[in-house]
Amino acid sequence: MTQSISITVKVNDKEYTRDVEPRMLLSDFLRHELGLTGTHVGCEHGVCGACTILFDGESERSCLIFAVQADSHHVTTVEGLAKDKDNLHPLQQSFWEAHGLQCGYCTPGILMTMIPFLKQNPNPTEEEIRHALSGNLCRCTGYQHIVDAVKLAAEKMK
Amino acid sequence: MKPAPFEYYAPDSLEQAVDLFSQYVGDGKILAGGQSLVPAMNFRVVQPSVLIDLNRVGELSYIREDGDVIRIGAMTRERQLEFDSSIAKWTPLLHEAVPFIAHPQIRNRGTIGGSIVHADPAAELPVLMTALNARLKAKSVSGERWVDAKDFFVGMFTTALEPNEILIEIELPFMPARTGWSFVEVAPRAGDYAMMGVAALVTLDANGKCKGAKLVYLNAGEGPMEAKEAEKLLEGTTLGDTLVEEAAVIASEKEINPFGNTHASIDFQRHLAKVLTQKTLKLATQRAGELQ
């Protein structure tokens, strides 16, 4: 018989209680159970970075965590960044202004990687930014405008 | 790309975890950080029928100094190793190498114990444990025992653990006095599996001669590959350029056994090993000299 486990997860400061099968990935839980489709799924083996979320404030791959493991933890997704569509987070605003995205598939994962990075390193060099981006694949931009956007965000967030 | 069904247990004490694991010998898998296991389950390369998750066993997460060793709980995240001051001070080789492990998102979740038990020949931690003469503590229902790192990695993805044993602690001796270190690896992109990597340690005596050297390689064979003949050659010498090159040739041509892969032929892996050996030995020697 399939096991079903009741979990309560705080996502973007809101508590959700759901019954899940242990094998459900956190990425699928966010998208299919909670309807938070901002978290994208690329490779499902931890390489592309598209599904990066904050797990208790640290960037982690949501495709490499089971939803049951998030019970009583706090998850932040890209939906948790902006107050509303007219008030983007300075990091999102910088991606808009510096043309840091084309198709946008990788963008949520990159934003959720850069949030803790800029917190820990508010004045990054270009090399540090590029290194921090190394776990997120983008197939459109060639990264140049993403790097520019992160630099702009660091300025705005000072 | 979704895991096969499994039964899930999340014990909150080590005793419970050990009991559960002994009940499910053969069917059960321990889930540590899951940064290798979960991808393998997503691909259905691995289909355990029971998962025992150690993430709620808080007693397995610590880094503390104890006399002249550092004790690290098996569930300590790789990211914690990266920023720990005891590790930076007493085992600078480990401090230097941790940022090479995958990406920050992986290190935030991946654990020292998980990586060691996974025993991937291309991983950094098994090589570092071997170079640093770590001792590894295993626990099962029948008790606890220590295994030296050199005896722990017995083959590709294979360790000396018994089927019912859980790795619980890593004991790292402080690096000896006047020991220089260097870790370098070459990967197609930062954070990818390296095509070749070397951990080097050089201990100098009072006269500036080599008292002992360590050379351990990743992605160079069935497990962490130690170049014992090259190490021996360097002992008692002043580590001159010619001798260092000779040691690098012995290590890269005779002592390692790389398999080659999509990114690097066997010849290229050996070439990298030779160049990296010279580079790391020089830096380790220089650093050991600066410590005098």
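Residues numbered from 1 in each chain as written. Chains lettered and ligands numbered in written order. Predicted model: local features only at pLDDT ≥ 70, side-chain atom pairs only at ≥ 80, totals over all residues.

Asker: I keep staring at the overall build of chain A and nothing clicks. Help me out?
Answerer: Within chain A, the secondary structure is distributed over five helices and five strands. Over its C-alpha atoms chain A spans a radius of gyration of 16 Å, differing by no more than 12% from the 15 Å that the globule rule assigns to 158 residues. Looking at chain A as a whole, 46% of its 158 residues are labelled buried. For chain A, restricting intrachain contacts to residue pairs at least 6 apart in sequence, the fraction spanning at least 24 positions comes to 59%. (Helix = DSSP H or I, 4+ residues; strand = E, 2+ residues; numbered from the N terminus. Rg over C-alpha atoms; globule rule 2.2 N^0.38 Å. Buried ≥ 20, exposed ≤ 12 C-beta atoms within 10 Å, placed from the backbone. Contact = placed C-beta atoms within 7 Å.)

Asker: Even after reading the chapter, I still don't get the domain arrangement of chain B, so can you show me in this structure?
Answerer: Many analyses report the size of an interface as the accessible area lost when the parts associate. All names here are of chain B. On domain assignment, one finds that chain B holds domain 1 (7–53), domain 2 (58–173) and domain 3 (179–290). One C-alpha centre belongs to domain 1, the other to domain 2, and the line joining them spans 18 Å. Facing 14 residues of domain 1, the contacting portion of domain 2 comprises 19 residues. It is helix α1 (residues 14–23) that contributes the most residues to the side of domain 1 that touches domain 2, six residues altogether. (Domains from an automatic or database assignment.)

Asker: What am I meant to see in the interface of chain A and chain B here?
Answerer: Between chain A and chain B, the contact holds 23 residues from the first and 25 residues from the second. Of the residues forming the side of chain A that touches chain B, the biggest block, four residues, is contributed by strand β4 (residues 58–61) of chain A. Its residues assigned to classes, the side of chain A that touches chain B shows five nonpolar, twelve polar and six charged. (Nonpolar A, V, L, I, M, F, W, Y, C, P; charged D, E, K, R; others polar.)

Asker: In this structure, what is going on with the sheet that holds strand β6 (residues 135–140) of chain B? I would like to understand it.
Answerer: The strands making up a sheet are joined through hydrogen bonds of the backbone, oriented either antiparallel or parallel. All names here are of chain B. Taken in spatial order, the five strands line up as β4-β5-β10-β6-β7 in an open sheet, and their pairing is antiparallel. At either margin of the open sheet sits one strand with a lone partner, and together these are β4 (63–66) and β7 (143–148). Neighbour to neighbour, the strand axes of the sheet diverge by 25° on average, direction disregarded. As paired strands, β6 and β7 are joined by six bridges and run antiparallel to one another. The residue bridging Arg135 from the neighbouring strand is Asp148, located in β7. α1 rests against β6 and β10 (166–173) of the sheet, and its axis sits at about 125° to β10. (Pairing = 2+ DSSP bridges. Axes fitted to C-alpha atoms, helices over the stretch in contact; angles between N-to-C directions.)

Asker: Can you help me understand the domain arrangement of chain A in this one?
Answerer: Residues and elements named next belong to chain A. The domain boundaries assigned to chain A delineate domain 1 (5–80) and domain 2 (90–156). A straight line from the C-alpha centre of domain 1 to that of domain 2 covers 22 Å. With 14 residues of domain 1 in contact, the opposing surface of domain 2 contributes twelve residues. Those elements that provide at least two residues to the side of domain 1 that touches domain 2 are β3 (52–55) and β4. The biggest single contributor to the side of domain 1 that touches domain 2 is β3, with three residues. Per-class residue counts for the side of domain 1 that touches domain 2 are six nonpolar, seven polar and one charged.

Asker: Please explain the pairing of strand β2 (residues 14–20) of chain A as it appears in this structure.
Answerer: The two faces of the sheet receive side chains in turn, since in a regular strand these alternate between them. All names here are of chain A. As judged from the seven bridges shared by strand β1 (residues 5–11) and β2, these two strands associate in the antiparallel manner. Each bridged residue has a counterpart across the sheet, and for Ser6 the counterpart in β2 is Asp19. Between the antiparallel neighbours β1 and β2 lie two residues, among them Asn12 with a positive phi of about 50°.

Asker: Please explain α1(B) as it appears in this structure.
Answerer: Every α-helix carries 3.6 residues per turn, so stepping three or four residues along brings you back to the same face. Residues and elements named next belong to chain B. Buried within α1 are the following residues: Ala17, Val18 and Phe21. Buried residues of α1 fall within an arc of 95° about the axis and therefore sit on the same side. Contacts from the buried residues of α1 go to β2 (28–31), β3 (50–53), β6 and β10. (Arc of directions from axis to C-beta.)

Asker: What is the right way to look at the packing of helix α11 (residues 241–255) of chain B against helix α12 (residues 266–290) of chain B in this model?
Answerer: For any two helices packed against each other, the geometry comes down to the angle between their axes and how far apart the axes lie. All names here are of chain B. Between α11 and α12, whose axes approach to 8 Å, the crossing angle comes to 140°. In terms of crossing hand, the pair formed by α11 and α12 is right-handed. On α12, the residues touching Val244, Glu245, Ala247, Ala248, Val249, Ala251, Ser252 and Glu253 of α11 are Arg270, Ala273, Lys274, Thr277, Gln278, Leu281 and Lys282. Class assignment for the residues of the contact of α11 with α12 results in seven nonpolar, three polar and five charged. (Left-handed = near helix turned anticlockwise from the far one by under 90°.)

Asker: Looking at this structure, I do not really get the packing of helix α2 (residues 90–97) of chain A against helix α5 (residues 144–156) of chain A. What am I missing?
Answerer: Residues and elements named next belong to chain A. Running from N to C, α2 and α5 cross one another at 135°; their axes reach a closest spacing of 8 Å. Relative to α5, the element α2 is oriented oblique. Pair α2 / α5 crosses with right-handed handedness. Across the interface between the two elements, Pro90, Leu91, Gln93, Ser94, Phe95 and Glu97 of α2 pack against Ala149, Leu152, Ala153 and Lys156 of α5. When its residues are assigned to classes, the contact of α2 with α5 shows six nonpolar, two polar and two charged. (Parallel < 35°, antiparallel > 145°, perpendicular 65-115°, else oblique.)

Asker: How do you make sense of the pairing of β4(B) when you look at a structure like this?
Answerer: All names here are of chain B. Here β4 runs beside strand β5 (residues 69–73); their pairing, made up of four bridges, is antiparallel. Looking at β5, one finds that Ile63 is bridged to Ile72. If you look at the hairpin formed by β4 and β5, you'll find two residues sitting between the two strands, and Gly67 has a positive phi there, around 65°.

Asker: Explanation requested: the nonpolar core in the structure shown.
Answerer: Nonpolar side chains in soluble globular proteins tend to end up buried together. With 133 residues, the main nonpolar core has B:Leu93, B:Leu128, B:Ala199, B:Val202 and B:Tyr217 as its most contacted residues. What B:Leu128 contacts, discounting residues up to four positions off in sequence, is B:Leu93, B:Leu94, B:Ala97 and B:Ala199. (Core = buried A, V, L, I, M, F, W, Y, C linked by C-beta atoms within 7 Å.)

Asker: Would you mind going over unusual backbone geometry with me for this structure?
Answerer: Glycine aside, negative phi is the norm for most residues, and most peptide bonds take the trans geometry. All names here are of chain B. Of note, Arg44 is a non-glycine position whose phi angle comes to about 60°, a positive value. Tracing the sequence through the fold places Arg44 in the loop between α2 (37–42) and β3. The residue Ala102 is not glycine, and still its phi comes out positive at about 40°. Mapped onto the secondary structure, Ala102 falls in the loop between α5 (92–97) and α6 (104–107).

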